[in-house]
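The chain contents come next:
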Amino acid sequence: MTISELVRQMESSYEGFRPAASNEDLKKLETLMGTIPPDLLALYASHDGSPNAPGNDEGFLAARLMPISEVLEVNQEMSDEELPVLGHVVWLWNDDAGNLLGLYTTGLFAGWLTKYDHEESLLIPAYRSIASFMKAMLDNANFPDEDARVCDLIGLERDIPAIHMDDPMHVANDKKLREKCIELADQTNDENVRMLYVMTIIALTPVSETESLTDFFEVDDNWIPEAAVKLMDMREYYEAIPAVEKLAKDGDGNPVAAATRMLVRASENEKAKAAVERLQASLKGTNLQWLNQWLEGRSVLRAPSWY
């Protein structure tokens, strides 16, 4: 769908939008971010955001485009946050739960959107475009099962990582971006930025190449192996169970928690079931506590969520 079609669908189905942004406010936004991308300009030309989440009799959208005056205030406040980034970010959407969605305006991911989670602020690219984000938000709001709808930005389905299948329209370019991230990660001297690149590399890994995520199990870090396991778990990729078991047995910290969780969730798989039994006999201390915790809650254990 084009941005115009998405805007019409949104405005015809939900209420709470302000009138179109003034030329004066658009100039202020342009001062903040440089040239305003056409899709964003189309949004503000239709409505200057919303003071509250747009809604109807069936519910509300998971986020709202902020009025330009609020965008200026929020971006001023966020400028004090020392967050590793992959380019300049302009924060534009708010879910009023402490989470924001911003647009990368420079760098390798210019035009992509990223989520700011007030609890876990890792600015991995999330959506390829404003249009793909709006479609995800509208699809969520229109999902027939009300209980399955999410009400904030963090729970909203992302473009990356892909979970069930690769998108043939994007997988080739995603691979190119992944290779460029590998190159840039090797070049940077900032460890926090390097971490962000590596996490983005993991997120860009195609479903068809999920096995390659085991390469990250050897990284001496509390977060990177965890992220690789989480994505395997989300994809229910059980061919790598031997490697996951080894990580659970020999590792520590977050990677062990993620690995034991994955094995418990996969325990209907015979290889995973056998791995859990072996780990029950060999693990000790905190690592055994992690395993027992997941076993106790196995009946309600859901797939992990991405960052």
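Not measured: the values here are computed from a predicted model.

*Asks:* Tell me about the overall build of the protein chain, and please be specific about residues and values.
*Replies:* In terms of regular secondary structure, the protein chain is built from 12 helices and 7 strands. Expected size for 307 residues packed as a compact globule is a radius of gyration near 19 Å; at 21 Å, the protein chain falls within 12% of this value. Relative to its 307 residues, the protein chain shows a buried fraction of 50%. A fraction of 61% describes how many contacts in the protein chain between residues 6 or more apart in sequence connect residues 24 or more apart. Counting only carbon and sulfur atoms, one obtains 48% of the accessible surface of the protein chain, whose full area is about 15300 Å². With 27 positive and 53 negative side-chain charges, the protein chain shows a separation of 5 Å between the mean positions of the two kinds.

*Asks:* Quick rundown of a negative patch on the surface? Include the residues and the values.
*Replies:* On the surface, a cluster of negative charge is contributed by Glu15, Asp57, Glu58, Asp145, Glu146 and Asp147. Locating Asp57 in the fold gives a position in the loop between strand 1 (55-56) and strand 2 (59-60).

*Asks:* Help me get a handle on the packing of helix 1 (residues 3-13) against helix 3 (residues 38-46), residues and values and all.
*Replies:* Running from amino to carboxyl end, helix 1 crosses helix 3 at an angle of 35 degrees, the nearest separation of the two axes being 10 Å. For the element pair helix 1 and helix 3, the recorded crossing hand is right-handed. Side by side, helix 1 and helix 3 meet where Ile3, Val7, Met10 and Glu11 of the first sit next to Asp39, Ala42, Leu43 and Ser46 of the second. When its residues are assigned to classes, the contact of helix 1 with helix 3 shows 5 nonpolar, 1 polar and 2 charged.

*Asks:* Break down the pattern of salt bridges for me, with residues and values.
*Replies:* Overall, the coordinates contain 13 salt bridges when judged by the stated rule. Members of the salt-bridge network, linked through shared partners, are Glu24, Asp25 and Lys28.

*Asks:* Explain the sheet that holds strand 7 (residues 125-127) to me, using residue names and the numbers behind them.
*Replies:* With respect to topology, 5 strands assemble into an open sheet ordered 3-4-5-6-7, the strand pairing being antiparallel. Edge positions in the open sheet fall to strand 3 (64-65) and strand 7, since each of these has one partner strand only. One ladder, built from 2 bridges, connects strand 6 (residues 113-116) with strand 7; its direction is antiparallel. Its bridge partner lying in strand 7, Thr114 is registered against Pro125. In this fold helix 3 packs onto strand 3 and strand 4 (89-94), with an angle of close to 40 degrees to the strand it touches most, strand 4.

*Asks:* Before we move on, could you go through the nonpolar core and cite the residues and values that matter?
*Replies:* Residues Leu40, Tyr44, Trp93 and Phe133 are the most contacted members of the largest nonpolar core, which totals 101 residues. Top contributing element to this core by residue count: helix 7 (residues 191-203), with 9 residues. When neighbours within four sequence positions are excluded, Trp93 is seen to be in contact with Leu40, Leu43, Arg64, Leu65, Met66, Asn99, Leu100, Leu101, Leu113, Ile130, Phe133 and Leu153.

*Asks:* Please set out the side chain of Thr114 residue by residue, giving values where relevant.
*Replies:* Take Thr114: it is sitting in strand 6. Judged by relative accessible area, which is 0%, Thr114 ranks as buried. In this structure the side chain of Thr114 is engaged in a polar contact, spanning 3.3 Å, whose partner is the backbone oxygen of Leu123. One polar contact links the side chain of Thr114 to the main-chain carbonyl oxygen of Ile124, over a distance of 3.0 Å. Apart from residues lying up to four places away in sequence, Thr114 is in contact with Val89, Trp91, Leu100, Leu101, Gly102, Tyr104, Leu123, Ile124, Pro125 and Ala126.

*Asks:* Explain helix 11 (residues 270-282) to me, using residue names and the numbers behind them.
*Replies:* Spacing of three or four residues puts side chains on the same side of an α-helix, whose turn is 3.6 residues. For helix 11, with 13 residues, the first-to-last C-alpha span of 19 Å sits near the 18 Å given by 1.5 Å per residue. Looking at the packing, one finds that the buried side of helix 11 touches helix 9 (241-250), helix 10 (254-265) and helix 12 (285-296). Between the side-chain oxygen at the start of helix 11 and the backbone nitrogen of Lys271 there is a gap of 2.9 Å, and the oxygen is on Asn269.

*Asks:* I'd like to hear about the side chain of Arg235, residue by residue, with values.
*Replies:* Examined against the element boundaries, Arg235 turns out to sit in helix 8 (residues 224-235). In this structure, Arg235 is buried with no salt-bridge partner, the nearest side chain bearing the opposite charge being Asp166 at 5.3 Å. A distance of 3.3 Å separates the side chain of Arg235 from the backbone oxygen of Pro206, its partner in a polar contact. Apart from residues lying up to four places away in sequence, Arg235 is in contact with Pro161, Ala162, Ile163, Thr205, Pro206, Val207, Thr210 and Leu213.

Criteria and thresholds
Residues numbered from 1 in each chain as written. Predicted model: local features only at pLDDT ≥ 70, side-chain atom pairs only at ≥ 80, totals over all residues. Heavy atoms only, no water. Helix = DSSP H or I, 4+ residues; strand = E, 2+ residues; numbered from the N terminus. Rg over C-alpha atoms; globule rule 2.2 N^0.38 Å. Buried < 20%, exposed > 50% of the residue type's maximum accessible area, 1.4 Å probe, protein only. Contact = heavy atoms within 4.5 Å. Areas by Shrake-Rupley, 256 points an atom, 1.4 Å probe, with all protein chains shown as cover. Lys, Arg positive; Asp, Glu negative; His and termini not counted. Charge placed at Lys NZ, Arg CZ, Asp CG, Glu CD. Patch = residues over 30% accessible without salt bridge, like charges linked within 9 Å, V, L, I, M, F, W, Y side chains within 5 Å. Salt bridge = Lys/Arg side-chain N within 4 Å of Asp/Glu carboxyl O. Axes fitted to C-alpha atoms, helices over the stretch in contact; angles between N-to-C directions. Left-handed = near helix turned anticlockwise from the far one by under 90°. Nonpolar A, V, L, I, M, F, W, Y, C, P; charged D, E, K, R; others polar. Pairing = 2+ DSSP bridges. Core = buried A, V, L, I, M, F, W, Y, C linked by side-chain atoms within 4.5 Å. Polar contact = N/O pair within 3.5 Å; in protein donor to acceptor, adjacent residues only side chain to side chain. Expected span 1.5 Å × (residues − 1).

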